[in-house]
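# Chains, contacts and geometry: an overview
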Amino acid sequence: MRLQTATRIALYATLELAGNPENQITASAIAEKYGISINHLAKVMRDLGRAGVVESVRGAGGGFRFAGNAKRTTLMDVIQIFENVRGNARAPAREPGEATPAGQALRQVLDEIDAITEATLRSITLDTMFKLIQRQRQDAAGPAPG
Amino acid sequence: MDSAAESRAETAPVTLRDGREDDLPAVIALDARVTGLEKERYWRELYSRRGKELPFLVAEIAGPDGAARLAGFSIGEVRAWEFGSPPCGWVFALTVDPELRLGGIGSRLMDAIAERFREAGVKRMRTMLARDNHLLMAFFRSHGMMAGPYIELEKELD
Ligand SMILES: CC(C)(COP(=O)(O)OP(=O)(O)OC[C@H]1O[C@@H](n2cnc3c(N)ncnc32)[C@H](O)[C@@H]1OP(=O)(O)O)[C@@H](O)C(=O)NCCC(=O)NCCS
């Protein structure tokens, strides 16, 4: 599975903010950390703000803050703001040949894959992501002595 | 993102211990309440095989009248070489009374059954659950479980 760039940026920003609930963080700090364009990030932050995932902080320094609950917000909650993960499952046939038996059989196989993707994204919370991120950090730091 | 609608379980002390035969009616009733299926024979059969390799744990909490009542249970078994897999602890069920959720009881049951598996000498635990049971899947994932190298396949027998 591939995520669109905007979705990926949104996930980084959400994880960054939710992982630092005490601090407000500026868009430029996030852009710099993940090597992404500030313009693209600004648009993504507007979408996240409109969806209620983040809120902007006025006043000195400005910046953003996570507005949800990291133990209840799943990857799917963020991703579906930007893309239609199971977009084709219920839509009428619109790919070439989709109404044919071969098209239907192919649909059935693709639906199987989508269902697993959906279950995965709906069950991984930001809090679970923090644990995965932590493990990556430890792996990068090398094996513990002894 | 509906944390406001969730209620935290009360903080009466919760005790974990091995299940006994007289726990079975409450276990069967809680399982039936959560899954909609009463499986008396299934539970009695599992119970009859309980032991070091088939841990059966219950969590209990003091009720308003002071008497202990069932808060949750977990049951699993060490199985070897099925599906070509080295010995591994399977969690068959882990359930908490809906009124007592979000108070850490599920996590204590999870830690306790993991400890039993460790004592039985296995290094890995595994479970299988409905793909659309996002609550249970989020719980297991919060405990570090991820998809393993197996996938379940099935077909209708006609
Ligand atoms: C899953 C279950 C065992 C969790 O029990 P619990 O006592 O509420 O669990 P805990 O309080 O220890 O929760 C541990 C973690 O699981 C995750 N979790 C639990 N409930 C959650 C929910 N509603 N949404 C998202 N994550 C949740 C969280 O990460 C939580 O951490 P937190 O308490 O720090 O927020 C319980 O909800 C249950 O019995 N569900 C039904 C199980 C079932 O369907 N059984 C039938 C097949 S066996």
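Scope of this entry: the structure provided in the associated data block. Model, not experiment: these values are computed from the prediction.

Before going further, it helps to examine the site of the ligand. Around the ligand sit 23 residues, and of these K71 of chain A together with V96, L102, G106 and S107 of chain B come closest. Chains contributing residues near the ligand are chains A and B. The contact in question runs from an oxygen atom of the ligand to an N or O atom on the backbone of G104 of chain B, over 2.8 Å. A distance of 3.0 Å separates an oxygen atom of the ligand from a polar side-chain atom of N133 of chain B. When isolated, the ligand has an accessible area of 940 Å², and the protein chains bury 85% of it. For the shell around the ligand, the secondary-structure elements that each account for two or more residues are helix 1 (24-35), strand 4 (88-96), helix 3 (105-119) and helix 4 (134-142) of chain B. It is helix 4 of chain B that contributes the most residues to the shell around the ligand, five residues altogether. When its residues are assigned to classes, the shell around the ligand shows 10 nonpolar, eight polar and five charged.

Another point: the interface of chain B and chain A. At the junction of the two partners, chain B supplies 14 residues and chain A supplies 17 residues. Surface buried jointly by chain B and chain A totals about 1,400 Å² across both partners, of which 61% is contributed by carbon and sulfur atoms. The interface formed by chain B and chain A includes zero salt bridges. Our enumeration of links across chain B and chain A arrives at two residue pairs in polar contact (both at pLDDT 80 or more). For the side of chain B that touches chain A, the per-class residue count stands at six nonpolar, four polar and four charged.

This brings us to the packing of helix 1 (residues 5-18) of chain A against helix 6 (residues 126-140) of chain A. Residues and elements named next belong to chain A. Running from N to C, helix 1 and helix 6 point in directions that differ by 90 degrees, and their axes come no closer than 11 Å. Here helix 6 runs roughly perpendicular to helix 1, going by the angle between their axes. On the side of helix 1, the interface is formed by T14, L15 and A18, while helix 6 contributes L126, M129, F130 and I133. The residue makeup of the contact of helix 1 with helix 6, split by class, is six nonpolar, one polar and no charged.

All right, on to the sheet that holds strand 2 (residues 56-62) of chain B then. Residue and element names in this part refer to chain B. Taking strand neighbours across the sheet as the criterion, the five strands line up as 1-2-3-4-5 in an open arrangement whose pairing is mixed. Two strands in the sheet have a free side with no partner beyond their single neighbour: strand 1 (14-18) and strand 5 (125-127). Neighbouring strand axes in the sheet, compared pairwise and without regard to direction, differ in orientation by 30 degrees on average. Where strand 1 lies against strand 2, five bridges are found, and the strand directions are antiparallel. The residue of strand 2 that forms the bridge with L16 is A59. Contacts from helix 1 reach strand 2, strand 3 (68-79) and strand 4, with the element oriented near 85 degrees to strand 3.

Scoring rules and cut-offs
Residues numbered from 1 in each chain as written. Chains lettered and ligands numbered in written order. Predicted model: local features only at pLDDT ≥ 70, side-chain atom pairs only at ≥ 80, totals over all residues. Heavy atoms only, no water. Near = heavy atom within 4 Å. Polar contact = N/O pair within 3.5 Å; in protein donor to acceptor, adjacent residues only side chain to side chain. Areas by Shrake-Rupley, 256 points an atom, 1.4 Å probe, with all protein chains shown as cover. Helix = DSSP H or I, 4+ residues; strand = E, 2+ residues; numbered from the N terminus. Nonpolar A, V, L, I, M, F, W, Y, C, P; charged D, E, K, R; others polar. Contact = heavy atoms within 4.5 Å. Buried area = accessible area lost by both parts, 1.4 Å probe. Salt bridge = Lys/Arg side-chain N within 4 Å of Asp/Glu carboxyl O. Axes fitted to C-alpha atoms, helices over the stretch in contact; angles between N-to-C directions. Parallel < 35°, antiparallel > 145°, perpendicular 65-115°, else oblique. Pairing = 2+ DSSP bridges.

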